[in-house]
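Given next are the chains, with one letter for each unit.
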Amino acid sequence: MMTEARLRELYGEASPRAAAKAIDRFDRHCREFIAASPFLVIATTDGETLDVSPKGDPAGFVEVEDDRHLLIPDRPGNNRLDGMLNLLRNPEVAVIFLIPGVDETLRVNGRASIEEGSELCARFAIKGRAPRTVLRVAAREIFLHCGKAPLRGGLWTPETWAPTRPVDTLSEIVRDHAEVEVEDTSQAGVDALYRRSLY
């Protein structure tokens, strides 16, 4: 059975630089990174199960409210609400921000609350449509991840990308997983559906 001692034997201790890189407030570098990011992934748990959800909007869609708080608007989706239902039971969250072309990522660990005030939500309106809720994240730990994982994966290296879509469309996959018929399984049909339901 794996133990912490065995893991340390295999990997060694964290470098002093890595151990000390976490901060507890949004400094200039963090604010600039978040302002340039059009995409994040947020992890939540109810204490038993886990959920990881992607969120994206034009760069700067997440607001740094003050030195310790973030505001993240929630856009229309599939209404499963997995992450938000988790937050009702356990407010702990982890967020990773990405910027296309930048190999490093920014991690924020903290606690989140779901806010629904109309004035707050209106601040995040796009094309006249405000989100129904906004997540307020109180940061406990903030740090930059090095770029090794995106570099290894060729995430921002076009020459490593498949020339055509390497997997079926969402409609085709949902048709097979849920065993329901869908009207248009083409990528063009999926793209049109996405565009109609963005906001």
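Here the residue index of a chain counts from 1 through its sequence in written order. Only residues with pLDDT of 70 or above have their local features reported here, since the model is predicted, and side-chain atom pairs are shown and tallied only from 80 upward, although totals for entire chains, interfaces and linings are computed over all residues. Excluded from the side-chain calculation are hydrogens and water; included are all heavy atoms of the structure.

(A) Layout of a nonpolar patch on the surface. Together, M2, L7, L10 and Y11 give the surface a local cluster of nonpolar side chains, amounting to about 460 Å² of exposed area. Secondary structure counts use DSSP, requiring at least four H or I residues in a row for a helix and at least two E residues in a row for a strand, with both numbered from the N terminus. Note that M2 resides in the segment before α1 (4–11). For every residue, the accessible area obtained with a 1.4 Å probe (protein chains only) is divided by the maximum for its type, and the residue is called buried under 20%, exposed over 50%, and partly exposed between those limits. Its relative accessible area of 47% is what places M2 among the partly exposed residues. Each patch is built from salt-bridge-free residues with over 30% relative accessible area, joining like charges within 9 Å and nonpolar side chains (Val, Leu, Ile, Met, Phe, Trp, Tyr) within 5 Å. The Shrake-Rupley method, run with a 1.4 Å probe, gives the accessible areas here. Residue values count only the displayed protein chains as cover. Criterion for a salt bridge: a side-chain nitrogen of Lys or Arg within 4 Å of a carboxyl oxygen of Asp or Glu.

(B) Here's a closer look at the nonpolar core. Within the largest apolar cluster, 23 residues are counted, with the highest numbers of intra-cluster contacts made by F26, I34, L40, V62, L70, F97 and V108. For this core, the elements supplying multiple residues, two or more each, are α3 (28–36), β1 (39–45), β4 (69–74), β5 (92–99), β6 (102–115) and β7 (133–145). Should any heavy atoms of two residues lie within 4.5 Å, those residues are counted as being in contact. Beyond its immediate stretch of four places on either side in the chain, F26 contacts R31, I34, V64, D66, D67, R68, H69, L70, V108, A139 and I142. Residues belong to a common nonpolar core when they are buried Ala, Val, Leu, Ile, Met, Phe, Trp, Tyr or Cys residues joined through side-chain atoms within 4.5 Å. Residues L71, L120, C121 and V134 belong to the second largest nonpolar core, which totals five residues.

(C) Here's a closer look at the layout of surface pockets. Here a cavity denotes grid points, spaced 1 Å and computed from the protein atoms alone, that fit a 1.4 Å probe unable to get out, and a pocket denotes an open set having protein on both sides within 12 Å along at least 5 of 7 lines; residues with an atom within 4 Å of a point are the lining. Grid points are joined across faces, edges and corners, and a volume is the space filled by probe spheres set on the points. One number sums up the size of the second largest pocket: a volume of about 410 Å³. Around the second largest pocket sit 16 residues that line it, and K21, F143, L144, H145 and C146 are the ones nearest its centre. Elements with a contribution of two residues or more to the lining of the second largest pocket: α2 (16–20), α3, β6 and β7. Following the grouping adopted for this structure description, the nonpolar residues are Ala, Val, Leu, Ile, Met, Phe, Trp, Tyr, Cys and Pro, the charged ones are Asp, Glu, Lys and Arg, and the polar ones are all others, Gly among them. When grouped by side-chain class, the residues that make up the lining of the second largest pocket number nine nonpolar, three polar and four charged.

(D) Representation of unusual backbone geometry. In this model, N79 sits at a positive phi of 65°, which is unusual for a non-glycine residue. Counting through the fold element by element, N79 comes out in the loop between β4 and α4 (82–89). A positive phi angle, near 60°, is found at L81, a position not held by glycine. A relative accessible area of 41% places L81 in the partly exposed class.

(E) Representation of the pattern of salt bridges within the structure. Using the criterion set out here, one finds 16 salt bridges in the structure. For D24, the salt bridge is made with R68, and the minimal N-O distance between the two is 3.4 Å. One end of the pair, D24, is in the loop between α2 and α3; the other, R68, is in the loop between β3 (63–66) and β4, and 44 residues separate them in sequence. On the accessibility criterion, D24 (34% relative accessible area) is partly exposed. For R175, the salt bridge is made with D176, and the minimal N-O distance between the two is 3.1 Å. Connected through salt bridges with shared partners, the residues D24, R25, R31, D67 and R68 form a single ionic network.

Geometry only, nothing functional implied.
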